[in-house]
Amino acid sequence: MVNNLAQLKRALVKGTEFDIVAHARQECVVQRRRVNVADTTGFYSVIPDKPDSRETLANNGRGSYLGWSKAPFWKFEDGTCTLYDSNKVFTSEHIIISLKVV
């Protein structure tokens with residue numbers, strides 16, 4: 001189970017899959033993604049079963065990008081990792097992405 005940002009960075013390496021449980025863009029919720037590239041700044045993810053999707057083809061085929069941000073912007077509860085656009089307000093209106101590592 002992922003309990004902090006350091007653990008999340010170690011978990012989300014190339015090939016790891018995760019489910020999106022909440023997202024700023026509603027159409028992304030319930031998608032399963034696979035990490036395509038990960039480095040110290042963030043990671044790129046693709047939709048494994050949709051090679052022609054907009055998300056998969058983004059960034060010259062690397063996939064959709066998410067920067068790690070700073071630890072105060074993240075919350076970790078019961079295996080769910082949630083990134084907010086604020087480090088002070090942790091409500092559903094401020095969610096960028098909420099994910100569970102598979």
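The rules we used
Residues numbered from 1 in each chain as written. Predicted model: local features only at pLDDT ≥ 70, side-chain atom pairs only at ≥ 80, totals over all residues. Heavy atoms only, no water. Pairing = 2+ DSSP bridges. Helix = DSSP H or I, 4+ residues; strand = E, 2+ residues; numbered from the N terminus. Phe/Tyr/Trp six-rings, centres within 6.5 Å; stacked < 30°, edge-to-face > 60°. Lys NZ or Arg CZ within 6 Å of the ring centre and 35° of its normal. 1 Å grid on protein atoms, 1.4 Å probe; cavity = no way out; pocket = protein on both sides within 12 Å on 5 of 7 lines; lining within 4 Å. Points joined across faces, edges and corners; volume = space filled by probe spheres on them. Nonpolar A, V, L, I, M, F, W, Y, C, P; charged D, E, K, R; others polar.

**Q** Would you take a moment to explain the pairing of strand β5 (residues 74–77) for this structure?
**A** Two faces belong to every sheet, and in a regular strand the side chains alternate between them. Strand direction decides the pairing type here: β5 and strand β6 (residues 80–84), joined by four bridges, are antiparallel. Among the inter-strand pairings, Lys 75 is bridged to a residue of β6, identified as Thr 82. What sits between the antiparallel neighbours β5 and β6 is a turn of two residues, in which Asp 78 has the positive phi angle 50°.

**Q** Just to check I follow, could you spell out the packing of aromatic side chains for this structure?
**A** Centre-to-centre distance and the angle between the planes together describe a pair of aromatic rings. Under the defined criterion, the tally for this structure stands at five aromatic pairs. Where Tyr 84 meets Phe 90, the ring centres are 5.0 Å apart and the plane angle is 80°; that geometry is what we call edge-to-face. In this structure, Lys 75 is placed above the aromatic ring of Phe 90, and the distance from its NZ or CZ to the ring centre is 4.2 Å.

**Q** Help me understand the layout of surface pockets, please; the structure alone is not making it clear to me.
**A** Empty space within the largest pocket amounts to approximately 160 Å³. Lining the largest pocket are 13 residues, with His 23, Arg 33, Ser 64, Tyr 65 and Leu 66 sitting closest to its centre. Sorting the residues of the lining of the largest pocket by element identifies β1 (17–23), β3 (42–46), β4 (64–67) and β7 (95–101) as the ones contributing at least two each. Here the residues of the lining of the largest pocket sort into eight nonpolar, three polar and two charged.

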